[in-house]
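# Descriptive structure summary
Letter by letter, the chains look like this.
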Amino acid sequence: MSQKSDELKIYWKKIKYAFPILNNTLPTECTDQEYEEITQIIVGLGIQVKIRDLVLVHVEKYLRVYVAPSFWSKFTKVEEDIKAFQLFKSAVNDLYDSVNQFSDMLRRLKHLNNECCDNRPIFGEKDVILGFKQLLRATLLSQLPTTYYIIINHFYELSFNVFDNMKSSDMDEDICLGCWNEYSECNCAYIVKVFYDTNKKLVELQLLERLAGQVLTNFIQKKIEVHIRKICTGAFDVSHMSHLEDWLDTTVMTWLTRIYSAGSSQAPPGIKYAITKFKQKLSFFLYQTYTKLRIDQLFNIIIEYPDSQPAIDDIKTCLESTNLCPLLCKKLQTALETRLLHPGVNTPDILTAYISTIRALRHLDPSGIILETVTKPVRNYLRNREDTVRSVVSSLTEEGTGSELAEELAKFAAENDEDNEKEEAWDDWYPDPVDADPRRAQGPKGSDIISMLVNVYGSKELFVNEYRTLLADRLLAQGDINTEKEIRYLELLKLRFGESQLHFCEVMLKDISDSKRINTLISQDKNFAEMNAKFSSNAMILSAQFWPPFKDESLELPEEIKQHLAEYTKAYEGLKGNRTLSWKPHLGNVNIEIEIGEKKLDLTVSPFNATLIMHFQNKPEWLLEELHDIMKVPMTVLRRKITYWQSLGLITEKSSDYYVLVDGSEANKANVPSNQVQEMICEDEETESVMASAHDQREGELQVFWSYIVGMLTNLDSLPLERIHQMLKMFASQAPGTECSLNELRQFLDTKVRTHQLVLQGGMYKLPKL
């Protein structure tokens, strides 16, 4: 028994001699021949599996106790790139040397494992060498310090700067932009050599991806973000995607390929697929980062469209590869609401931005889904602005190249002809995306800019009526009317809105030409020629039923003017037989010449101001109440309008509501420069619309309901708003303007409450008690 024990001790000693790791050491003097003899002993004893497993346990312990702590001890927190570079290089070199010391032992362990014949995986691998590398990775990562990435990031940042600098060959005086040393002490060549050598060792140890993969990814993504912001911020008129893709391919991917290929510019077949997948991920990140930057700048890009079309094209390309449409819609909608939709922005400016938005987003997304989503708040806001329709109509008929809507209107005729050809190209049709709104207007006619503006209100009639009012203002305000220009605009609008909608406007323009002819005929009348000796007149004869309603203003003209107009009426009746004229004395323009002292003025003013100054010709001093009695104009209006003549220095207020004509000497002192006079003329009443506003017209239409409402409340005492609205739809359906919404009726009834014609109590409307 003692002899057998001694034999076993000898065998154990020989085993430890072959595998010194069992004594926590690596070097051994055991030759291959000696190892063969020891292997035969192990196999003869039948303990090859136990020895293999025991060796693996000691290998794991050695890595955990000695190798891993030694490697991570060099990962101290440093700020300088070059110091971190040296530390990482030293750590990898020491680790590589330590692993090489295992090579003889691993070769023998592999031989021993072949003798075991149990096909047991070695740390998840079939091969001993691969199992050892798996154990090495697991051991290192199990002791990973929290700040390990700092050293690695510095290492790759310095090498990337050197590589990028060598590729671009930029020079900043005597400083190398790669290593930031003077060129006489440049370390770039050394850094490149160490960089390639270190990465080669990490690849051999199969540690590169596990140890530096995420750090590399984060570092490259940061470089992409910095590079994009550097070249793309604020520049919208140049496309950057081709440059960015080229930079990613020739700089970033070439650098990465050299990392994984130990310095070679060509990736080995084994890692070529991995490099390709990495490039796909980085390309996606590039598109995503660039798109997010452009989304933040999209409001400015839209305002500068079409100059910013290259930026729109880039976004369009990126959206095909990213899923950022919801983010784009949300951020652009917020930007429009914050920067555009508030009282500080004029309606024409909002319309200009809205038109640019339509054009830019239609180019970005021809399906119209983004446009439909983003512009919904703009449409709602414009719908609540009182001057929106007038601003749109003014822009439609505005002269000059600055009016975008006028250009759209002019283009519509040409596009109308092309639509027929497009309809025949049925094989080029593509369905809308699945998230498209089925209620959205389809095709070019449903998505043109003018249609979108009309659809803000959903009614062509509203726009046509506003155009009638604007046309009436223009025709009545102009001394010399260019009917050819107005007819040209009218023909374009006919193409857009239809002839039946604009028939009234045709009659209005015909009235202008007819008025010129009638004025010429009446001026040739001998009886009327005597009346023209003192002053001449030209009437604009309008067909009342075709013109929009005028503002209801009262004005009593001087007697001699009324007599003159009466003679004109007689001459007209003699010419037209069974027709007569109903004068609107507050409309039109009066050319007057004023001479007071040495001061002479030739002015074009409103009939009101002409009448006012004529009364001062006959009597130099007037009380405001006296002017009110003779002119039949409210005193508040008189007090406001008399300031025009005060501004010219012709009338002064001697005391409260007592006005005096300035005598000749004082008038000469109050000289007003001619340019200032012109400005004052522009501020006269000619600048105000003489037509009743759409709001006033609607008020008149709603007034028809009042008798119905009074009858309801007389019989039923009190009613809620909804019940009144229902009953009006039943009993007042034949009245004009019966398309009255609940909100309109509420506003109308609230007006009656404010004027004490109704009482609102507990949500119920009733008539006030007498």
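Just above, that's the structure.
Conventions adopted
- Residues numbered from 1 in each chain as written.
- Predicted model: local features only at pLDDT ≥ 70, side-chain atom pairs only at ≥ 80, totals over all residues.
- Heavy atoms only, no water.
- Patch = residues over 30% accessible without salt bridge, like charges linked within 9 Å, V, L, I, M, F, W, Y side chains within 5 Å.
- Areas by Shrake-Rupley, 256 points an atom, 1.4 Å probe, with all protein chains shown as cover.
- Salt bridge = Lys/Arg side-chain N within 4 Å of Asp/Glu carboxyl O.
- Lys, Arg positive; Asp, Glu negative; His and termini not counted.
- Charge placed at Lys NZ, Arg CZ, Asp CG, Glu CD.
- Helix = DSSP H or I, 4+ residues; strand = E, 2+ residues; numbered from the N terminus.
- Buried < 20%, exposed > 50% of the residue type's maximum accessible area, 1.4 Å probe, protein only.
- Axes fitted to C-alpha atoms, helices over the stretch in contact; angles between N-to-C directions.
- Parallel < 35°, antiparallel > 145°, perpendicular 65-115°, else oblique.
- Contact = heavy atoms within 4.5 Å.
- Nonpolar A, V, L, I, M, F, W, Y, C, P; charged D, E, K, R; others polar.
- Left-handed = near helix turned anticlockwise from the far one by under 90°.

Further remarks concern a negative patch on the surface. Taken together, the side chains of E34, E36, E37 and E115 define an acidic patch exposed on the protein surface. In terms of residue count, the dominant contributor to the negative patch is helix α2 (residues 32-45) (three residues). Along the chain, the position of E115 falls in helix α5 (residues 103-116).

Okay, the pattern of salt bridges next. For the structure on display, the rule yields 19 salt bridges. Note that D514 is salt-bridged to K510, the shortest N-O span being 3.0 Å. Here K510 and D514 lie together in helix α24 (residues 503-523), a separation of four residues that amounts to about one turn. For D514, a relative accessible area of 19% corresponds to the buried category. The partner of K562 in a salt bridge is E559, with the nearest N and O atoms 3.8 Å apart. Of the two residues, K562 and E559 are both situated in helix α26 (residues 559-576); the distance of three residues between them amounts to about one turn of the helix.

Here we come to the packing of helix α22 (residues 460-477) against α24. At a minimum axis distance of 10 Å, the contact between α22 and α24 shows a crossing angle of 10°. As summarised for this structure, α22 and α24 are arranged roughly parallel, according to the angle between their axes. Residues Y467, R468, L471, A472 and L475 of α22 pack against F504, C505, M508, L509 and I512 of α24. A per-class count over the contact of α22 with α24 returns nine nonpolar, no polar and one charged.

All right, on to unusual backbone geometry then. Each neighbour pair has its own omega, and for Y305 with P306 the value is 15°, a cis peptide bond. The phi torsion at Q206 lies on the positive side, around 55°, for a residue other than glycine. Following the sequence through the fold, Q206 ends up in the loop between α8 (188-204) and α9 (208-232). Judged by its relative accessible area of 35%, Q206 falls in the partly exposed class. Phi at K632 is positive, roughly 60°, even though this residue is not glycine. Checked against the element boundaries, K632 lands in the loop between α28 (624-631) and α29 (635-641). With relative accessibility at 47%, the residue K632 sits in the partly exposed group.

What follows deals with the packing of helix α15 (residues 347-364) against helix α17 (residues 376-383). How two helices pack is summed up by the angle between their axes together with the distance between the axes. Axis separation between α15 and α17 bottoms out at 11 Å; the angle between their running directions is 155°. As far as their axial angle goes, α17 and α15 are roughly antiparallel. α15 and α17 meet at a crossing whose hand is left-handed. The segment α15 lies against α17, with I350, L351 and Y354 engaging V378, R379, Y381 and L382. Classifying every residue of the contact of α15 with α17 gives six nonpolar, no polar and one charged.

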